[in-house]
Amino acid sequence: MHHVRLLLIKTMRRLARRGRRVTSRASAAGLQPPALALCATLLLACGAAHAERVKDLATVAGVRPNQLIGYGLVVGLDGTGDQTSQAPFTIQSIRNMLAKFGVTIPANVNPQLKNVAAVTVRAELPPFAKPGQTIDVTVDSIGNATSLRGGSLLMTPLRGIDGEVYAIAQGSLVVSGFGVSGRDGSRIAVNVPSSGRIPNGATVERAVPTNFATEPYIVLNLHTPDFTTAARVTESINALLGPDTAHALDAVSIRVQAPVDPSQRIAYLSMLESIEVEPGEAPARVIVNSRTGTVVIGSAVRVMPAAVAHGSLSVTITERIDVSQPNPLSQGETVVAPRSDIEVEQPEARMFVFDAGVNLEEIVRAVNQVGAAPGDLVAILEALKEAGALRAELVVI
């Protein structure tokens, strides 16, 4: 199997060199490179075990989504809209909207509406989105509306960070939550009824300018910065397409020479994304979530020789009042005396020893034997780190 793999790699290198010569000749004659599909097929056939595709490890620089936001009104609510006395901007928005349709509300009239809510509208514009395509939008109440169920969003322009309108949103909301309230102030809510979505609720009106095919190269950015992975991706690309085709700029970016013709660049990127690379091992880290008590220990974590004793001291203080009642006809007084009961409980402490080079499985087994909770495990790991016995980075989030 190893000899077959080497033969395939050598064959791909010859085809890549031959493909570049043919490409230069074909480009002069206005033809497409003939060896491109064959190289991609051989590449898929010789993927390494436990390897990942470049598509899963990196993204192409410049190919990214853009965030859009807008302000609008949701109408048609069943009495669950904004209280206009506490949300004056809702009335102001209604006045401005009606004025555009030729309806003027007198200045001394303050409508008390319960079926309108002021909302923010959010959407994500995918890369290469073209005018006429539709995208999903998320609608959130910004006033004191209790529910958006049954409402419809009026036409709302969605703007980018540059202030330009890139999409127009409108449609009926899909709200998964609901709420019921009583006259006495009691209320029951399931999920969040003040937020909803409109599938395909916005139409793209403007395309985002891109420099996808203006440079004679493309840049691949790794999702996780790693020098080893960057070097292996560069080596795999050069092994397939020839030396000096790819250059690692740093631990994140790899610059790859690419055709300028957009049609050839699409096929070229398709081939690059299919390359399989074995990524570098993740650094030894212990991640601690201080809010939830979750502890994640990486597989590369090691512990130097150390002895750990785990124990907890529980102190319980109970306050109560004793009443001393005098005997009949003794002319005594009733006396109230406070009394405190203190109970100290200390379970039997256990000690376990870590040998040199202990791996993740042995760490978990040792901690489980002493019955340590997640909070206790964090204290043990911090103590090991301070003692210099934990060969890992301790990250608290």
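Okay, so let's go over this structure. Along every chain, residues carry numbers that run from 1 in the direction the sequence is written. Restriction of local features to residues with pLDDT of at least 70 applies here, the model being predicted, together with a cutoff of 80 or more for giving and counting side-chain atom pairs; totals for whole chains, interfaces and linings are based on all residues. Only heavy atoms go into the side-chain values, all of them from the structure, while hydrogens and water stay out.

1. Brief notes about the nonpolar core
Okay, step 1: Counting residues in each nonpolar core, the largest one holds 24 residues, and the members touching the most others are V139, L148, L153 and L158.
Okay, step 2: Of all the secondary-structure elements, those providing two or more residues to this core are β3 (66–75), β4 (116–125), β5 (134–141), β6 (152–159), β7 (165–172) and β10 (195–204).
Okay, step 3: We count a stretch as a helix when DSSP gives it H or I for four or more residues in a row; a strand needs E for two or more, and each element gets its number in order from the N terminus. At 5 residues, β4 tops the list of elements feeding residues into this core.
Okay, step 4: Every residue in contact with L153, bar those within four places of it in the chain, is listed here: L73, V74, V119, V121, V139, A169, Q170, G171, L173 and I198. Nine residue types can take part in a nonpolar core, namely buried Ala, Val, Leu, Ile, Met, Phe, Trp, Tyr and Cys, and a core is a set of them joined through side-chain atoms within 4.5 Å. Buried, partly exposed and exposed residues are distinguished by accessible area as a fraction of the type maximum, computed with a 1.4 Å probe on protein chains only: under 20%, between the cut-offs, and over 50%, respectively. Between two residues, a contact is recorded if the distance between any of their heavy atoms is within 4.5 Å.

2. Quick notes on the sheet that holds strand β16 (residues 294–297)
Okay, step 1: The pairing criterion for strands is at least two bridges between them, as found by DSSP. Read across the open sheet, the 3 strands follow the order β16-β15-β23; overall the sheet is mixed. Only two strands of the sheet have a single neighbouring strand rather than two, namely β16 and β23 (393–396). The mean inter-strand angle of the sheet, taken between neighbouring strand axes irrespective of direction, is 15 degrees.
Okay, step 2: As paired strands, strand β15 (residues 285–289) and β23 are joined by 4 bridges and run parallel to one another. Residue I287 lies in a different strand from β23, and its bridge partner there is V395. With axes taken as lines fitted to C-alpha atoms, and helix axes fitted only over the stretch in contact, angles between N-to-C directions fall between 0 and 180 degrees.

3. Overview of the side chain of S147
Okay, step 1: Mapped onto the fold, S147 is located in the loop between β5 and β6.
Okay, step 2: Distance and chemistry together define a polar contact, namely a pair of N or O atoms within 3.5 Å, with one atom able to donate a hydrogen and the other to accept it when in protein, and with adjacent residues in sequence counting only for side-chain atoms on both sides. In this structure the side chain of S147 is engaged in a polar contact, spanning 3.2 Å, whose partner is the backbone nitrogen of R149.
Okay, step 3: Setting aside anything within four residues of it in sequence, one finds S147 in contact with L77, T80 and P193.

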